[in-house]
Amino acid sequence: METRTVLAAAGRGDQAAWDAIVAEYSSLLWSIARGFRLDRVDAADVVQLTWLRLVENIDRIADPDALPAWLATTVRRECLQLIRRTSRQRVVRQPDGVEPADPDPPVEHRVLLDERDAALWRMVGQLSDLCVRLLRVLMASPRPSYPAVSAALDMPVGSIGPTRQRCLRRLRELLAADDLFNGIHIGRDGGLS
Amino acid sequence: MTGDGDPAADDEELMSMLRRIAERADPVPESVVVDGRAALATRGLDAELAELLLDSAHETAQVRGADDDVRLLSFYVHDVSVELRVEYGNGEVSLRGMVDGATGPVDLELGDGRRSLPVDEDGGFATRLPRGAARFWLRTRGGRVVRTRWVLL
């Protein structure tokens, strides 16, 4: 079904249509929030706020094709606002500079990942904020459109490709410096192994 | 083939690998999807929208007050206004509000339901609530129903 049809049905209260929208874009919203390095509780809050905002505005979305970009923009703004607010509270509450513990356990404790997968995942987290945001949203499933990625990062569509290239190059440099990946080429034909 | 001839294809390969890892390492929690589906239940009666005039969380350092732990929000439409003073602590939100131009209780709507907050004779109300999305409904003296947009408290 076209987005226009699904949106219109959801706007009339059709739960199945709404569920289809949630299924299609939850990963996009979650990936954007996590790309901003929000913990899981905060990420859940901004995703939920975005859905509530969509319900609130469902009859006012002028261009249904722009829905992914609308969602991405909404969640990005909430992420930024939450980060501003909580970083300020952190400063006030913790003048001694002690950072609160990350409520996220290390990824390899939560799920059984291959050792190298876990290392690769950690290295992504060591990249610049821009690279983490971009690569994380590009990992959304289904793959986000470039307009949605552009809205998620507030970055022109034309900059996405070159930035992605630069971030992946940087990631390869980190990999090259790590013994776990010694001599392994990541490319076509077989990935890591 | 070792893949050393085509950087674009190599990038694709690396991205596919990252996407595969992300699906296992950081999937969307089921509860997030369930809550998202439930959000449709908030659809319904529309009402006049009170615009957000001020949110101190949006402001830059220069205009912020000395007390950074307090967030001030202000909503307004025609003859009605709502001022909120929000404090965060211990994972909870402490809310004090003031309405002007409204009558009766203020309804606080959260993602999972509504609660009615009694308003004192000066227009004040107060409550504690969990962090998350919230919006407020009130009735003007003229009988119109007014609501705020959703905000993350």
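Basis of the calculations
Just so you know, the residues in each chain are numbered from 1, in the order the chain's sequence is written. Lettering for chains starts from A, numbering for ligands starts from 1, and both go in the order in which the items are written. Where totals are concerned, whole chains, interfaces and linings use all residues; where local detail is concerned, this predicted model gives features only for residues with pLDDT of at least 70, and gives and counts side-chain atom pairs only at 80 or more. Put simply, DSSP marks the helices as runs of H or I at least four residues long and the strands as runs of E at least two long, and each gets a number from the N terminus on. Three exposure classes are used, all based on how many other C-beta atoms lie within 10 Å of a residue's own C-beta (placed from the backbone): buried at 20 or more, exposed at 12 or fewer, and partly exposed between those limits. Two residues form a contact once the distance between their C-beta atoms, set from the backbone, is within 7 Å. A helix is expected to span 1.5 Å for every residue after the first. We call Asp, Glu, Lys and Arg charged. Ala, Val, Leu, Ile, Met, Phe, Trp, Tyr, Cys and Pro are nonpolar, and the rest, Gly among them, are polar. What fixes the domain bounds is an automatic or database domain assignment. For helices, the axis comes from a line fit to the C-alpha atoms of the stretch in contact; other axes are also lines fit to C-alpha atoms, and the angle between any two N-to-C directions lies between 0 and 180 degrees. We call two directions roughly parallel when the angle between them is under 35 degrees, roughly antiparallel when it is over 145, roughly perpendicular when it lies between 65 and 115, and oblique otherwise. Residues of type Ala, Val, Leu, Ile, Met, Phe, Trp, Tyr and Cys that are buried and joined through C-beta atoms within 7 Å form what is called a nonpolar core. The rule for pairing is simple: two strands pair if DSSP sees at least two bridges between them. Every residue is assigned a pLDDT by the predictor, reflecting its confidence on a scale from 0 to 100. Directions from the helix axis toward the C-beta atoms define the arc.

A. Just the overall build of chain B, in detail. Broken down by element type, chain B carries two helices and 10 strands. Reading chain B from its N end, one meets helices and strands in the order α-α-β-β-β-β-β-β-β-β-β-β. In chain B, which comprises 153 residues, the proportion classed as buried is 27%. Residue pairs in contact within chain B that sit at least 24 positions apart in sequence constitute 46% of those at least 6 positions apart.

B. Here's a closer look at the overall build of chain A. Within chain A, the regular secondary structure consists of nine helices and zero strands. Taken from the N to the C terminus, the helices and strands of chain A come in the order α-α-α-α-α-α-α-α-α. Each of the 193 residues in chain A was classed as buried or not, and the buried ones make up 35%. If you take every contact in chain A between residues at least 6 apart in sequence, the share linking residues at least 24 apart comes to 68%.

C. Summary view of helix H9 (residues 157-176) of chain A. Spanning 20 residues, H9 of chain A covers 30 Å between terminal C-alpha atoms, matching the ideal 28 Å at 1.5 Å per step. Burial in H9 of chain A covers these residues: Cys167, Leu168, Leu171 and Leu175 of chain A. Its buried side turned inward, H9 of chain A meets helix H6 (115-126) and helix H7 (129-138) of chain A together with helix H1 (7-25) of chain B.

D. Examining the interface of chain A and chain B more closely. Contact residues are listed per partner, giving 51 residues for chain A and 43 residues for chain B. Of the residues belonging to the side of chain A that touches chain B, the class tally is 26 nonpolar, 12 polar and 13 charged.

E. Geometry of the domain arrangement of chain B. Its domain assignment divides chain B into domain 1 (7-40) and domain 2 (47-152). Centre-to-centre, using C-alpha coordinates, domain 1 of chain B lies 35 Å away from domain 2 of chain B.

F. Region of the structure containing the packing of H7 of chain A against H9 of chain A. All names here are of chain A. In the contact formed by H7 and H9, the axes pass within 10 Å of each other and the chain directions differ by 105°. When the axis of H7 is compared with that of H9, the two are roughly perpendicular. Along its contact with H7, which presents Leu130, Cys131, Leu134, Leu135 and Leu138, the element H9 presents Thr163, Arg164, Cys167 and Arg170. Split into classes, the residues belonging to the contact of H7 with H9 amount to six nonpolar, one polar and two charged.

G. Spotlight on the environment of leucine 171 of chain A. Residue and element names in this part refer to chain A. Along the chain, leucine 171 falls in helix H9. When the C-alpha positions of leucine 171 and cysteine 131 are compared, they lie 9.3 Å apart, and in sequence the two are 40 residues distant. Contact partners of leucine 171, with chain neighbours within four places excluded, come to Met123, Val124 and Leu127.

H. Representation of the nonpolar core in the model. One finds Leu29, Ile32, Ala33, Val46, Val47, Leu71 and Val75 of chain A to be the most contacted residues of the largest nonpolar core, which totals 77 residues. At nine residues, helix H2 (residues 15-35) of chain A tops the list of elements feeding residues into this core. With residues up to four places along the chain from it excluded, the contact list for valine 46 of chain A reads Ala33, Leu38, Val75, Glu78, Cys79 and Leu82 of chain A together with Leu152 of chain B.

I. Molecular detail of the pairing of strand E1 (residues 48-55) of chain B. Residues and elements named next belong to chain B. Summarising the sheet, E1 and strand E9 (residues 145-148) pair through three bridges and their orientation is parallel. Across the sheet, the residue bridging to alanine 50 is threonine 148, located in E9. Note that E1 and strand E2 (residues 70-77) share four bridges and pair antiparallel. In the sheet register, glutamate 51 faces E2, and the bridge partner there is tyrosine 76.

J. A look at the confidence of the model for chain A. When the pLDDT values of chain A are averaged, the result is 85; 80% of them are 70 or greater. Considering only residues more than four positions removed or in separate chains, one finds that residues 91-103 of chain A, a stretch of pLDDT under 50, has seven contacts.

K. Representation of H6 of chain A in the model. All names here are of chain A. In this model, H6 (12 residues) spans 17 Å end to end at C-alpha, consistent with the 16 Å of a helix rising 1.5 Å per residue. Turning to H6, its buried residues number three or more, namely Asp117, Leu120, Trp121 and Val124. Summarising the axial view, the buried residues of H6 lie within an arc of 100°, below the 170-degree limit, and thus occupy one face. Projecting away from the buried face of H6 at angles above 90 degrees are the exposed residues Glu115, Gly125 and Gln126.

L. View of the environment of arginine 164 of chain A. Take arginine 164 of chain A: it is sitting in helix H9. Those residues in contact with arginine 164 of chain A, other than ones at most four positions away along the chain, are Leu134 and Leu138 of chain A.

M. The arrangement of the pairing of strand E3 (residues 80-89) of chain B in detail. Residue and element names in this part refer to chain B. As paired elements, E2 and E3 share eight bridges and run antiparallel to each other. Residue pairing across strands places tyrosine 76 opposite serine 81, the latter belonging to E3. Alignment of E3 against strand E4 (residues 92-100), held across nine bridges, turns out to be antiparallel. Along E4, the bridge assignment pairs glutamate 87 with serine 94. Taking the residues that link successive antiparallel strands as the turn, the E3-E4 hairpin has two residues, and the phi of asparagine 90 there is positive, at about 50°.

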